[in-house]
Amino acid sequence: MSERAVPPPHPRAKPSDGYRPCVGVMLINRAGLVFIGQRIGLAEDAWQMPQGGIDKGEAPAEAALRELEEEIGTAKARIIAESAGWFDYDLPPEFIGKRWRGKYRGQSQKWFACLFEGEDSDIRLDTAHPEFSNWRWAEFDELAGLIIAFKRDVYRAVLAELGPKIRQAMG
């Protein structure tokens, strides 16, 4: 896959037209490591942080906590930081028209950093609709290199924005 994500230098004030509004969640454990999951059904190593669409009438923060429970089976987290705005990424050409019934060309994401307040055993990938086949904790500085190529620029921008907020919140 080619690297196609070109986020704006600064987040946008609202989700972009033609992009699916969704949230991304950076789940951080007490040791300062970040949860990443390996996506089911993709041929390459496709690691990412939890993310998902915002339901009608749902606030982005509510969606972030719901997505954690739906994707990794835990509600043992609290929000410690939020991105100032929305980050966009385009789907690779081979996915356009196949995801979301062709309605969107990519996603516009509001990002949240959450502190994981549980134990590793509280993370369960065997949810009602599994999205990840494997998971692990990762260092901040290795994240961009592990993430699926078309999302890397967004992850770099999110890490640059949320990193200082996370360090401040975690003391």
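Here, the structure is the one placed above.
A brief look at the structure comes next. (Residues numbered from 1 in each chain as written. Predicted model: local features only at pLDDT ≥ 70, side-chain atom pairs only at ≥ 80, totals over all residues. Heavy atoms only, no water.)

### Details of the overall build of the chain
Okay, so step 1: Assigned secondary structure in the chain consists of three helices and seven strands.
Okay, so step 2: Ordering the α and β elements of the chain from the N terminus gives β-β-β-β-α-β-β-β-α-α.
Okay, so step 3: Within the chain, the proportion of its 171 residues that are buried is 51%.
Okay, so step 4: About 8400 Å² of surface is accessible on the chain, with carbon and sulfur atoms providing 49% of the total. (Helix = DSSP H or I, 4+ residues; strand = E, 2+ residues; numbered from the N terminus. Buried < 20%, exposed > 50% of the residue type's maximum accessible area, 1.4 Å probe, protein only. Areas by Shrake-Rupley, 256 points an atom, 1.4 Å probe, with all protein chains shown as cover.)

### Concerning the packing of aromatic side chains
Okay, so step 1: As enumerated under the stated definition, the model contains seven aromatic pairs in all.
Okay, so step 2: On the basis of an interplanar angle of 70° and a centroid distance of 6.0 Å, the ring pair of F35 and F132 is categorised as edge-to-face. With F35 in strand β2 (residues 34-39) and F132 in strand β7 (residues 132-138), this pair connects stretches of sequence that are 97 residues apart.
Okay, so step 3: Relative to W137, the ring of W135 lies with its centre 5.5 Å away and its plane at 90°, an arrangement referred to as edge-to-face.
Okay, so step 4: Among the aromatic residues, those joined into a ring-pair cluster are F35, F116, F132, W135 and W137.
Okay, so step 5: In this arrangement the basic side chain of R136 is found over the ring face of W47, its NZ or CZ atom lying 5.9 Å from the centre. (Phe/Tyr/Trp six-rings, centres within 6.5 Å; stacked < 30°, edge-to-face > 60°. Lys NZ or Arg CZ within 6 Å of the ring centre and 35° of its normal.)

### Quick word on helix α3 (residues 152-170)
Okay, so step 1: The largest bend in α3 is about 40°, located at L162, with the proline P164 one to four residues further on.
Okay, so step 2: Every buried residue belonging to α3 is among R152, V154, Y155, A157, V158, L159, E161, L162, G163 and I166, and all of these are buried.
Okay, so step 3: Elements in contact with the buried residues of α3: β1 (19-28), β3 (47-48), β5 (77-90), β6 (106-116) and α2 (140-146).
Okay, so step 4: One or two positions beyond α3, positive phi appears at G171, with a value near 70°. (Bend = angle between axes of the 7 residues up to and from the residue. Contact = heavy atoms within 4.5 Å.)

### Observations concerning the nonpolar core
Okay, so step 1: Core analysis: the biggest nonpolar cluster contains 28 residues, and M26, M49, W111 and L162 have the highest contact counts within it.
Okay, so step 2: Mapped onto this core, the elements with two or more residues apiece are β1, β2, β5, β6 and α3.
Okay, so step 3: If you tally residues by element for this core, the top one is α3, at seven residues.
Okay, so step 4: Not counting residues up to four positions away in its chain, the partners in contact with L162 are M26, A81, E82, S83, W111, F112 and A113.
Okay, so step 5: Core analysis: the next-biggest nonpolar cluster, separate from the first, contains 17 residues, V25, I72, F116 and W137 among them. (Core = buried A, V, L, I, M, F, W, Y, C linked by side-chain atoms within 4.5 Å.)

### A few points about the pairing of β2
Okay, so step 1: Burial within β2 is extensive, with six of its six residues counted as buried.
Okay, so step 2: As defined by bridge partners, β2 adjoins β7 across six bridges and the pair is classed as antiparallel. Residue pairing for β7: I36 is matched across the bridge by R136.
Okay, so step 3: As paired strands, β2 and β3 are joined by two bridges and run antiparallel to one another. Looking at β3, one finds that Q38 is bridged to W47. (Pairing = 2+ DSSP bridges.)

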